[in-house]
Amino acid sequence: MVAWSEDPPLCKKLCPSLSFTSGSLTCSGGHVGAVCNFECPPTEVLVGQESAICIENEAGVATWSTSPPICEKRCRRFTLASGKAQCSSEIYTSSILCEFTCYPGYGLIGSETVICQEQFDENTRWSTEIPSCIKRCPPLTLPLGSVECDGDTVGSTWNFCPELNPVMNGNWTCTEDALVDSKCTFSCLGKYRVAPLHEPTTTCLVDQTWSEIAPCCSMPCPDNPLMDVLVILDSSSSVGLSSWRIMVNFVQTIVRAHEIMEDGTCFAVMRYNSKVDRKSFVPFNYGKRFGKATLLKKTGAMPYDGSGTNTGGALRYALNRVFSSRMGSREDAKEVVIVLTDGKSQDDVAVPAMRLRNKGVLIFALGVQSSRGKLDVDQLESIVGVKNHLFVFREGFASLTEDFAMELSDAVCHDPCYDEPEHR
C-alpha cells in the first residue's frame, strides 16, 4: 500500500508581533489560537491582562485578544500589628496613599500617612518608614509639680523617680530631689546605723527606678542574740567537692562569729540533695551540749555526695522536724533559716517556705551561679518572700568570703526593714 508520510500542512493566519519590553513574554506561536503570557519583574506589578490569545475577528483579520499590559514599580507590602491601614489601592504603585490608625489602648509611633513614591534611582519606596502601634501607659501625675514626657507609649520616658519614703530614726538628702541622676544619701540618728546589707546611697536611674532599695536604721546587734539559726546546704552533684569545702568554711565562719550558749545563739546544720541527709544532720542542741569547737569539727566533717536538688523537701524537713524542742529549738528564740544552693529545685519550694515564714521564721537564701548549676532567681525569691533576703553570686562560690559571712551574721541578728510579719 502506498501512502503519504505526513498529512498536508495547514495555512493559518498570523497575528502581528507583540511588543512587551517592561517584562518577559512567552508565546506558543504567532498564529490564530496561540497564547502569549506576560510576566513582570519581582519588584513591579502587572497592570492589565496576564495573557493574550491570537484570534480571528469578525472581519477575518488575525488579532490579539488584548493589548499588552504594563509593569509598574510598586512599594513593599507591610503589616501593622494592633492597628489597621487604609490605602487608596490594594496595589502599592506610585502615588498610592496609606493612612494608619491603632486599636484602642495603643499609640501610633511614626507618621500617620505614607505615599508610594518613585525615587531618583528609578525604584519605588514609601515616603517614610511604616509606623507601628505600641501599648499606651496611663497618664502620669506628680504632686506639686509637672511631668514632661516624650510620649505615652511603652518606651516613653519621664524624668522623675518615685518619691522616697521617710526613714525611721534617720533621714536622707538628695543632690537633685528625685530627678534622674540624683544621688540620695541616708544617715541615721544617734546610736542608730544603716541596717546590715543595705546600701547607704541610691541613685535615680534613667529608667526612673532607684538603684538600691531604701535602707532602714537599726541599733547595733547585741553580742549574744537569742537565735536558733538553721543552715541548709545544697550538696547536689553540680556543686563539686572544691565548692562544697568553700560552703562548709563559709558556714564555719558564721558559727565562729557567735557564742554558742543556752541564752544566746544556737546553730543547726543539714545538707540535702534529692533528700535530706539525716545521718549528718547537726541539731540545735549539739553545740550547747558539746561546745563550739566540736560543732565546728562536726560541720567540717559533713560528707559530700548525692545528686538531685529537692530544696522543698529540705524546707519541709525544717518545718516539721528541726524547729522543735526535741531538736533543741527554743520557744522564745528568734528562728532563722539560711539556704545555700547553686541549682533549681526539682520540687515545690513556695508552700513549705510560706509556712515557715507564717510561723515567724526569717529566711535568707544565697544563690550561687556555678558552672554546672541552673540557678532560678524567681524560685529563690519565692523562698525568702522579700528581695532583700536574697543574695545572688554570679561569679561562683569564691564570692562566699569571710567579710560577707560577717555581714550576713549581722543581718541575721536583726533586719528592721523586714522583721515585721506583714513583709513576709
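Residues numbered from 1 in each chain as written. Predicted model: local features only at pLDDT ≥ 70, side-chain atom pairs only at ≥ 80, totals over all residues. Heavy atoms only, no water.

If you check an unreviewed UniProt entry, the protein chain appears there as VWFA domain-containing protein from Clavelina lepadiformis.

1. A few points about the state of the cysteines
Basically, it comes down to this: By definition, disulfides here are pairs of cysteine sulfur atoms that lie within 2.5 Å. Helix numbers and strand numbers start at the N terminus; a helix is a DSSP run of H or I with at least 4 residues, a strand a run of E with at least 2.
Applying the stated criterion across every chain yields a total of seven disulfides. Residue Cys40 pairs covalently with Cys71 via a disulfide, S to S 1.9 Å. In this structure, the disulfide formed by Cys40 and Cys71 twists by about -90° around the S-S bond and is classed as left-handed. On the criterion of sequence distance, the pair formed by Cys40 in the loop between β2 (35-39) and β3 (44-47) and Cys71 in strand β6 (residues 70-73) is long-range, its members being 31 residues apart. Bridging Cys87 to Cys98, the disulfide has an S-S length of 2.0 Å.

2. A word on the sheet that holds strand β14 (residues 183-188)
Note the cut-off: Strand pairing is assigned whenever DSSP identifies at least 2 bridges connecting the two strands. In this analysis an axis means a line fitted to C-alpha atoms, helices contributing only their contacting stretch, and an angle means the value between N-to-C directions, from 0 to 180 degrees.
With antiparallel pairing, the three strands of this open sheet are ordered in space as β13-β14-β16. Since the sheet does not close on itself, it has two edges, and those belong to β13 (170-174) and β16 (201-203), each with one partner. Put simply, the sheet's adjacent strands are angled 20° from each other on average, direction ignored. Here β13 pairs with β14 via five bridges, running antiparallel. Counterpart to Asn171 in the pairing with β14 is Ser187.

3. A look at the pattern of salt bridges
The line we're drawing: Basic side-chain nitrogens of Lys or Arg form a salt bridge, by our definition, when they fall within 4 Å of a carboxyl oxygen of Asp or Glu. A 1.4 Å probe rolled over the protein chains alone gives each residue an accessible area, and that area as a share of the maximum for its type sets the label: buried under 20%, exposed over 50%, partly exposed in between.
Under the definition given, this model contains eight salt bridges. Here Arg271 makes a salt bridge to Asp277, at a shortest N to O gap of 2.9 Å. Looking at Arg271, the relative accessible area reads 4%, which means it is buried. Here Lys344 makes a salt bridge to Asp376, at a shortest N to O gap of 3.7 Å. Taken together, the residues Lys344 in the loop between β20 (334-341) and α5 (350-358) and Asp376 in the loop between β21 (362-368) and α6 (377-384) connect sequence positions 32 residues apart. The exposure class of Lys344 is partly exposed, given its relative accessible area of 46%. Beyond isolated ion pairs, a larger network of salt bridges with shared partners links Arg271, Asp277 and Asp305.

4. A few points about the pairing of β21
For the record, the criterion: Clockwise travel from the first strand over the helix to the second, with the strands pointing away from the viewer, marks a crossover as right-handed.
Summarising burial for β21: seven of the seven residues are buried, a large majority. Burial of the side chains of β21 extends over both faces: Leu362, Phe364, Leu366 and Val368 are buried on one face and Ile363, Ala365 and Gly367 on the other. The handedness of the β20 to β21 crossover, carried by α5, is right-handed. Summarising the sheet, β21 and strand β22 (residues 390-393) pair through four bridges and their orientation is parallel. Following the sheet pairing, Leu366 is matched in β22 by Phe391. With α6 bridging β21 and the parallel β22, this β-α-β connection has right-handed handedness.

5. Re the nonpolar core
Most often, soluble globular proteins have nonpolar side chains that are buried together. Rules: Residues belong to one nonpolar core when they are buried, are Ala, Val, Leu, Ile, Met, Phe, Trp, Tyr or Cys, and are joined through side-chain atoms within 4.5 Å. Here a residue-residue contact requires only that any non-hydrogen atoms of the pair lie within 4.5 Å.
The biggest cluster of nonpolar side chains holds 35 residues, and the ones touching the most others in it are Phe250, Leu340, Leu366, Leu400 and Leu408. Counting residues per element, the ones that place at least two in this core are β18 (227-234), α1 (241-256), β19 (265-272), α3 (292-300), β20, β21, β22 and α7 (402-413). It is α1 that provides the largest number of residues to this core, a total of seven residues. Apart from the residues lying within four places of it in its own chain, the contact partners of Leu340 are Ile232, Leu233, Asp234, Met247, Phe250, Leu366, Val368, Phe397 and Leu400. With 30 residues, the next largest nonpolar core counts Leu319, Val322, Leu356 and Leu390 among its residues.

6. A look at unusual backbone geometry
The phi dihedral of Ser82 is positive, around 65°, even though this residue is not glycine. Taking the relative accessible area as the measure of exposure, Ser82 reaches 24% and is therefore partly exposed. Backbone geometry at Ser95 places phi at a positive 80°, although glycine is not the residue there.

7. Here's the deal with a negative patch on the surface
Worth spelling out the cut-off: The patch calculation keeps residues exceeding 30% relative accessible area without a salt bridge and links them within 9 Å when they carry like charges or within 5 Å when they are nonpolar (Val, Leu, Ile, Met, Phe, Trp, Tyr). Here, Shrake-Rupley sampling with a 1.4 Å probe gives the accessible areas, and only protein chains in the shown set may cover a residue. Positive charges come from Lys and Arg, negative ones from Asp and Glu, while His and the chain ends are left out of the count. Charged groups are reduced to one reference atom each: NZ for lysine, CZ for arginine, CG for aspartic acid, CD for glutamic acid.
A surface patch of like charges, here negative, comprises Glu199, Glu212, Glu402, Asp403 and Glu407. Note on placement: Asp403 falls in helix α7.

8. A look at the packing of aromatic side chains
Selection rule: To pair, rings of Phe, Tyr and Trp, with the six-membered ring standing in for Trp, must have centres within 6.5 Å; the planes then decide the type, stacked if under 30 degrees apart, edge-to-face if over 60, and tilted in the middle. The rule for a charge over a ring is simple: NZ of Lys or CZ of Arg within 6 Å of the ring centre, and within 35 degrees of the ring normal.
Per the counting criterion, the structure on display carries twelve aromatic pairs. Following the ring pairs from residue to residue traces out a cluster consisting of Phe78, Tyr92, Phe100 and Trp126. Over the ring of Tyr92 we find Arg77; its NZ or CZ atom is 5.3 Å from the centre of that ring.

9. Concerning α5
Our working rule: Working note: the arc is built from the helix axis to C-beta atom directions.
For α5, the set of buried residues is Pro352, Ala353, Leu356 and Arg357. All buried residues of α5 fall inside an arc of 135° around its axis, so they share one side. Looking at the buried residues of α5, the elements they touch are α4 (311-322), β21 and α6. With its phi angle positive at about 95°, Gly360 sits one or two positions after the end of α5.

10. Some remarks on the side chain of Arg357
Going by this rule: Residues adjacent in sequence count toward polar contacts only when both atoms are side-chain atoms; beyond that, a polar contact is any pair of N or O atoms within 3.5 Å, and within protein one must be able to donate a hydrogen and the other to accept it.
If you trace the backbone, Arg357 turns up in helix α5. Buried Arg357, no salt bridge; nearest opposite-charge side chain is Asp348, N-O distance 10 Å. A polar contact of 2.7 Å, which involves the side chain of Arg357, links it to the backbone oxygen of Ile383.

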